[in-house]
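Residue-level structure breakdown
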Amino acid sequence: MRLNTLFSPSLKAITISRNRSIGRTMSLRSHNNSMSSSSTSVNSSADRIQVEEKTCFDDQNEPLKKGIDSTELEKQANNEDITKGWESEQIRLKSLCVLEDVEPWEIHRFVDSQSTLGLKDVKPLKYIAGTDISFVKGDETNACAAVVVIELPNLEVIYEDISMVELTAPYIPGFLAFREAEFIVKKFDKLRNLKPEIMPQAIMVDGNGILHAREFGLACHIGVQLGIPTVGVAKTLYYVDGIKKNEEHQNKIKMNLKKGGDTFPLISNSGKTLGVTLRSCDKTTKPIYVSPGHNISLETAVWLVQLCCKYRIPEPVRQADIKSREHIREKWKSNE
């Protein structure tokens, strides 16, 4: 591992933090049960409404069309109401987010992989999950949600749950989790009931953690709801508080990412390190963007991602992506 470590937490500190996190999670799950019915009733016709032109009104208070009709105005107003509710809930969930190591297995980062010193009572890291949602080409409603669980150290898939889903909530920038998270969370609830013995100790999400406009992306949302350490793994860097994919960023990639394991931090205008740019292995020069989601530190998140990389994308996310795309191809082929 080539990431500089600034601290070495004791197992006692990790255990205390974990107990605090469990208390937060138990309170959250009971609240979320009351929220779920309202969050899934959004009309799918409101998807991705983008209105750029202003609307004025005549003496009869009827909208004057300037590239937009009254139906689209209603959709815009509906989205604004939805956004207000989502923003409030996002703030509440963010207050429950923990960005430090809380699970005993996370101490493995500080110990040689061949050593058992001090780890007799620590359950080994064995099961890691990956999530992905792939869309039908040209369709923003029908998608395939995938959850896979891999087993260390061989990175073999031992469980998969893949199905078509209908995303009825509108797409609103900054609130992707309210459109996608419920399908992923339900699959983990199902796994917990069917095969609790392979419930993952960590989850890698195809998306962002705190590398997000409000520092609470899809990985954070899923992690807080499940109470499991989550990591955001993004293939593309989007603009976040001064962090952007420009010429300066490209130069940093060339200068700093010489080999697998090399990283450089992604620091916002406010001075916060929201994630890292990581060259995950020697086989690729194209980086990925890693950020903590919940119950994990940035340092441990990067360590965990590297532990699971055969190729550019860590195996849990890579397998979830492959299987979701295969499912879509097979389903549409059978419908022809």
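Look a little higher up for the structure.
Values in this document were obtained by computation on a predicted structure and should not be read as measured data. (Residues numbered from 1 in each chain as written. Predicted model: local features only at pLDDT ≥ 70, side-chain atom pairs only at ≥ 80, totals over all residues. Heavy atoms only, no water.)

Moving on, we get to the nonpolar core. By size, the foremost hydrophobic cluster in this structure holds 26 residues, and its most contacted members are Ile184, Phe188, Leu191, Ile203, Ile222 and Leu226. Within the residue set of this core, elements represented by two or more residues are strand 1 (127-135), strand 2 (142-151), strand 3 (156-166), helix 3 (177-194), strand 4 (202-206) and helix 4 (218-226). Looking at which element gives the most residues to this core, the answer is helix 3, with 7 residues. In this view, Leu191 contacts Val149, Tyr159, Pro196, Ile198, Met199 and Pro200; residues no more than four positions away in its chain are not counted. Counting residues in hydrophobic clusters, the runner-up holds 25 residues, among them Ala202, Val233, Leu298 and Val305. (Core = buried A, V, L, I, M, F, W, Y, C linked by side-chain atoms within 4.5 Å. Buried < 20%, exposed > 50% of the residue type's maximum accessible area, 1.4 Å probe, protein only. Helix = DSSP H or I, 4+ residues; strand = E, 2+ residues; numbered from the N terminus. Contact = heavy atoms within 4.5 Å.)

All right, on to helix 6 (residues 298-307) then. Burial within helix 6 is extensive, with 9 of its 10 residues counted as buried. Regarding helix 6, the residues found buried are Leu298, Glu299, Thr300, Ala301, Val302, Trp303, Leu304, Val305 and Gln306. Buried residues along helix 6 sit against strand 1, strand 4, strand 5 (230-234), strand 6 (263-267), strand 7 (273-278) and strand 8 (288-294).

Turning next to the pattern of salt bridges. All told, the structure shown has 12 salt bridges when counted by the stated rule. Taking the shortest distance from any N to any O, the salt bridge between Lys126 and Glu151 comes out at 3.6 Å. With Lys126 in the loop between helix 2 (70-94) and strand 1 and Glu151 in strand 2, this pair connects stretches of sequence that are 25 residues apart. The partly exposed category is assigned to Lys126, whose relative accessible area is 33%. You can call Glu151 partly exposed: its relative accessible area is 25%. In this structure, the salt-bridge partner of Asp206 is Lys235, at a minimum N-O distance of 3.1 Å. Here Asp206 is found in strand 4, whereas its partner Lys235 is found in the loop between strand 5 and helix 5 (247-256), with 29 residues between them in sequence. Relative accessible area serves as the criterion here: at 24%, Asp206 is assigned to the partly exposed category. (Salt bridge = Lys/Arg side-chain N within 4 Å of Asp/Glu carboxyl O.)

The amide bond that connects Leu152 to the next residue, Pro153, takes the cis arrangement and shows omega of 10°. When you line up the elements, Pro153 lands in the loop between strand 2 and strand 3. If you check the backbone angles, Asp241 has positive phi at about 45° while not being a glycine. Structurally, Asp241 can be placed in the loop between strand 5 and helix 5. Judged by relative accessible area, which is 34%, Asp241 ranks as partly exposed. Of note in the backbone geometry, Asn295 takes a positive phi value of approximately 60° without being a glycine. Tracing the backbone through its elements, the reader meets Asn295 in the loop between strand 8 and helix 6. Residue classification places Asn295 among the buried residues on the basis of a relative accessible area of 1%.

Here we come to the packing of aromatic side chains. Counting across every chain of the model gives 3 aromatic pairs. With a centroid separation of 6.2 Å and an interplanar angle of 45°, the aromatic rings of Trp86 and Phe175 are classed as tilted. Here Trp86, found in helix 2, pairs with Phe175, found in the loop between strand 3 and helix 3; they are 89 residues apart in sequence, far enough to count as distant. Phe175 matches Trp86 in its accessibility class, with the two residues each being buried. Taking the centre distance of 6.2 Å and the plane angle of 50° together, the rings of Phe175 and Phe178 count as tilted. Taken individually, Phe175 and Phe178 each receive the classification buried, so the pair is uniform in this respect. Three or more aromatic residues link up through ring pairs in this structure, and these residues are Trp86, Phe175 and Phe178. (Phe/Tyr/Trp six-rings, centres within 6.5 Å; stacked < 30°, edge-to-face > 60°.)

Right, let's talk about the sheet that holds strand 8 for a bit. Spatially, 3-2-1-4-5-8-7-6 is the arrangement adopted by the 8 strands of the open sheet, whose pairing is mixed. Here the strands that pair on one side only, and so sit at the sheet edges, are strand 3 and strand 6. Across this sheet, the average inter-strand angle for adjacent strands is 25°, counted without regard to direction. Strand direction decides the pairing type here: strand 2 and strand 3, joined by 10 bridges, are antiparallel. When the bridges of strand 3 are listed, Cys144 appears paired with Met164. (Pairing = 2+ DSSP bridges. Axes fitted to C-alpha atoms, helices over the stretch in contact; angles between N-to-C directions.)

The next point concerns the environment of Ala320. Considering the arrangement of structural elements, one finds Ala320 in helix 7 (residues 315-335). For Ala320, a relative accessible area of 0% gives the class buried. When the C-alpha atoms of Ala320 and Ala146 are compared, they prove to be 5.5 Å apart, with 174 residues separating the residues in sequence. Once you skip the residues sitting within four places of it in the chain, Ala320 turns out to touch Gly130, Thr131, Asp132, Ala146 and Val148.

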